[in-house]
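# Tertiary structure, described
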Amino acid sequence: MVSAMSSTVRATVVQASSVFYDTAATLDKAERFLKEAAELGSQLVVFPEAFIGGYPRGYNFADQSPRGKESFRKYHASAINVPGPEVDRLAAMAAKYKVYLVTGAIEREGYTLYCSVLFFDPEGNYLGKHRKIMPTYWERLVWGFGDCSTTPVYDTPYGKLGSVICWENRMPLLRTSMYAKGIEIYCAPTADSGDTWVSTMTHVAMEGGCYVLSPIQFCRRKDYPSPPEYLYSPSEEFVTPDSDSIIWAGGSVIISPHGEILAGPNYEGEGLFTADLGMPIPDVRGEIPKAKFMFDVVGHYSRADILNLTVDNRPLVPVTFTSSPCKSKYRDDELEDLKKMGIYGDS
C-alpha cells in the first residue's frame, strides 16, 4: 500500500574517502559532510559503500602471512558492532541535522565482517540494515554473506527507501525483489567507479521506475596508510605512496525514474552532489507513476503465470539451539498432567 504522504525531498550523495584504520576520524568526517549537506537543505544524505570502516582497496586478501593476518586484525578492529556506540553516534548525527541518513559500514559480528548499509531517521532512530548478500570476487575472502532477512524497504514521508550495494545491482532477481517491495528511493552505494556504472544505474532507475542515488568514494593513495603498513596490491608500482595518485575516481550520481541524470557524475574529487527529487510536480511519488505508465516490472509488465520469483527472507544461521522439554520438570500445566499420567518424568 502506498502512503498518501509525499512531497519533494532534497537528496545528497557524498563522494569522499574514509580515514582508513581510524573509525573515529571517519565519523568526524561524516559529521562535517552532514553539516554541510544540512546547510544545503538536504533531507536525505547517502554515504558510499564501506564508508565507516573503510573499503580495503588494493589489499591482498589472499595474504596469509603474519603481515596479512595483522592487516586483517586492524581492519576487524576498524569495523563496528551493530548496534553499538558508533551506531548511536550516527543516530545522534541524523537527529542533530534532521536528515534521513543512509551509510555504508563494515559491520563486525564476532570475528566475521559484513559489508552493510545502515538506515537512520531524522528523529535519531536506527531503522535497520542491509547486509550485502554477495561480496564480489576478492571481497569474499574478507566479508561474510548476508541474506534476504536484511533487505528492508522503509516507508518514509518522501517515498519507500532501501538499498542495494555495488554489484548486487547486477543481480536481476535481487533487484526484482526490491521492486516487489515497492522501493521508490533506491540507494546504490558502490565501489565501482568504472565507465559503465552510470549506465547500470540508469538502467536500474528506468527498470524499477525509481529514483537512484549512487554515492562512490573518491580516494587518493595518501588516504590509505603508507608502506609497509599498507601495501597497495599487487605492488606499489603504479602508484606513489603518500601521493595524490587517484586510486578511486568517484563518479557519484543521482538519476530520476525516467533515466534523467539529476546530479553528477563527478570524477574530480570529494564533494556533495544534490538534487531535488519529485520535481516538477512537486511530489516524489507523483513522478513515479508516470515512469511506470508503460513499464511496471512487478505489475502490469510482469507475467506471473509463467515467470515468478520466490524469496526466502528468513535469517539463515549456521547453528540453531532448541530446548528439550526434559530439561524442565514442571514447565507448564500440560507437562504436569503428563507426569501424573506417567507419560512424562520419572517412572
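Everything that follows concerns the structure shown earlier in this document.
In short, a report on the structure. On a predicted model such as this, the values are computed, not experimentally measured, just so you know.

## Digging into the overall build of the protein chain
Looking only at helices and strands, the protein chain has seven helices and 14 strands in total. In the protein chain, which comprises 347 residues, the share counted as buried stands at 51%. For the protein chain, the accessible area works out to roughly 16,800 Å², and carbon and sulfur atoms hold 55% of it.

## Some words on the side chain of Ser163
In this fold, Ser163 is placed in strand 7 (residues 159-163). A relative accessible area of 1% places Ser163 in the buried class. Here Ser163 is in contact with Val117, Phe119, His130, Pro152, Met178, Ile183, Cys187 and Pro189, once residues within four sequence places are set aside.

## Observations regarding a nonpolar patch on the surface
A cluster of nonpolar residues, Tyr137, Trp138 and Leu141, forms a patch on the protein surface that exposes about 380 Å² of accessible area. Residue position: Leu141 is located in the loop between strand 5 (126-131) and strand 6 (153-156).

## Brief notes about the nonpolar core
Generally speaking, a soluble globular protein has its nonpolar side chains buried in company with each other. Residues Leu44, Tyr186, Leu213 and Leu277 are the most contacted members of the largest nonpolar core, which totals 62 residues. Among residues more than four places away in sequence, those in contact with Leu44 are Val9, Arg10, Ala11, Thr12, Tyr100, Val102, Leu161, Ile185 and Leu213. Grouped together as the second largest cluster of nonpolar side chains are 25 residues, Val14, Ala30, Ala37 and Ala91 included.

## Focus: the sheet that holds strand 3 (residues 100-109)
With mixed pairing, six strands are arranged side by side in an open sheet as 5-4-3-2-1-14. Since the sheet does not close on itself, it has two edges, and those belong to strand 5 and strand 14 (271-277), each with one partner. Strand-to-strand twist across the sheet, computed as the mean angle between neighbouring axes with direction ignored, equals 30°. Bridge count for strand 2 (residues 44-46) against strand 3 is three bridges, and the pairing is parallel. Along strand 3, the bridge assignment pairs Leu44 with Tyr100.

## As for the pairing of strand 12 (residues 252-255)
Residues Ser252 and Ile254 line one face of strand 12 and the alternating positions Val253 and Ile255 line the opposite face, and both faces are buried. Where strand 9 (residues 211-214) and strand 12 come together, three bridges link them in antiparallel fashion. Among the inter-strand pairings, Ser214 is bridged to a residue of strand 12, identified as Val253. Pairing of strand 12 with strand 13 (residues 261-266) involves three bridges; the strand directions are antiparallel. Bridged to Ile255 within strand 13 is Ile261. Between the antiparallel neighbours strand 12 and strand 13 lie five residues, among them Gly259 with a positive phi of about 90°.

## What about the sheet that holds strand 9?
Pairing in this open sheet of six strands is mixed, and the strands run 6-7-8-9-12-13 from one edge to the other. Of all the strands in the sheet, the pair left with one neighbour each is strand 6 and strand 13. Strand-to-strand, the axes of this sheet are offset by a mean angle of 15°, without reference to chain direction. Judged from the four bridges that link them, strand 6 and strand 7 form a sheet pairing that is antiparallel.

## Remarks on the pattern of salt bridges
In total, this model carries 19 salt bridges according to the counting rule given. With its nearest N and O atoms 2.9 Å apart, the salt bridge here joins Lys132 to Glu49. Of this pair, Lys132 sits in the loop between strand 5 and strand 6 while Glu49 sits in the loop between strand 2 and helix 2 (66-78); the two residues are 83 residues apart in sequence, bridging distant segments of the chain. Look at Glu49 and you get buried, because its relative accessible area is 1%. Between Asp244 and Lys222 there is a salt bridge; the shortest N-O distance is 2.7 Å. Linking Asp244 in the loop between strand 10 (218-220) and strand 11 (246-249) with Lys222 in the loop between strand 10 and strand 11, this pair joins segments that are 22 residues apart in sequence. Owing to a relative accessible area of 45%, Asp244 belongs among the partly exposed residues under this scheme. Assessed through its relative accessible area of 46%, Lys222 is described here as partly exposed. Overlapping salt bridges bring together Asp28, Glu31, Arg89 and Lys96 as one network.

## Topic: the side chain of Glu184
Considering the arrangement of structural elements, one finds Glu184 in the loop between helix 4 (172-180) and strand 8 (185-187). Among the residues examined, Glu184 registers a relative accessible area of 8% and is labelled buried. Engagement of the side chain of Glu184 in a polar contact is seen with the backbone nitrogen of Lys160, the distance being 2.7 Å.

Procedures and definitions
- Residues numbered from 1 in each chain as written.
- Predicted model: local features only at pLDDT ≥ 70, side-chain atom pairs only at ≥ 80, totals over all residues.
- Heavy atoms only, no water.
- Helix = DSSP H or I, 4+ residues; strand = E, 2+ residues; numbered from the N terminus.
- Buried < 20%, exposed > 50% of the residue type's maximum accessible area, 1.4 Å probe, protein only.
- Areas by Shrake-Rupley, 256 points an atom, 1.4 Å probe, with all protein chains shown as cover.
- Contact = heavy atoms within 4.5 Å.
- Patch = residues over 30% accessible without salt bridge, like charges linked within 9 Å, V, L, I, M, F, W, Y side chains within 5 Å.
- Salt bridge = Lys/Arg side-chain N within 4 Å of Asp/Glu carboxyl O.
- Core = buried A, V, L, I, M, F, W, Y, C linked by side-chain atoms within 4.5 Å.
- Pairing = 2+ DSSP bridges.
- Axes fitted to C-alpha atoms, helices over the stretch in contact; angles between N-to-C directions.
- Polar contact = N/O pair within 3.5 Å; in protein donor to acceptor, adjacent residues only side chain to side chain.

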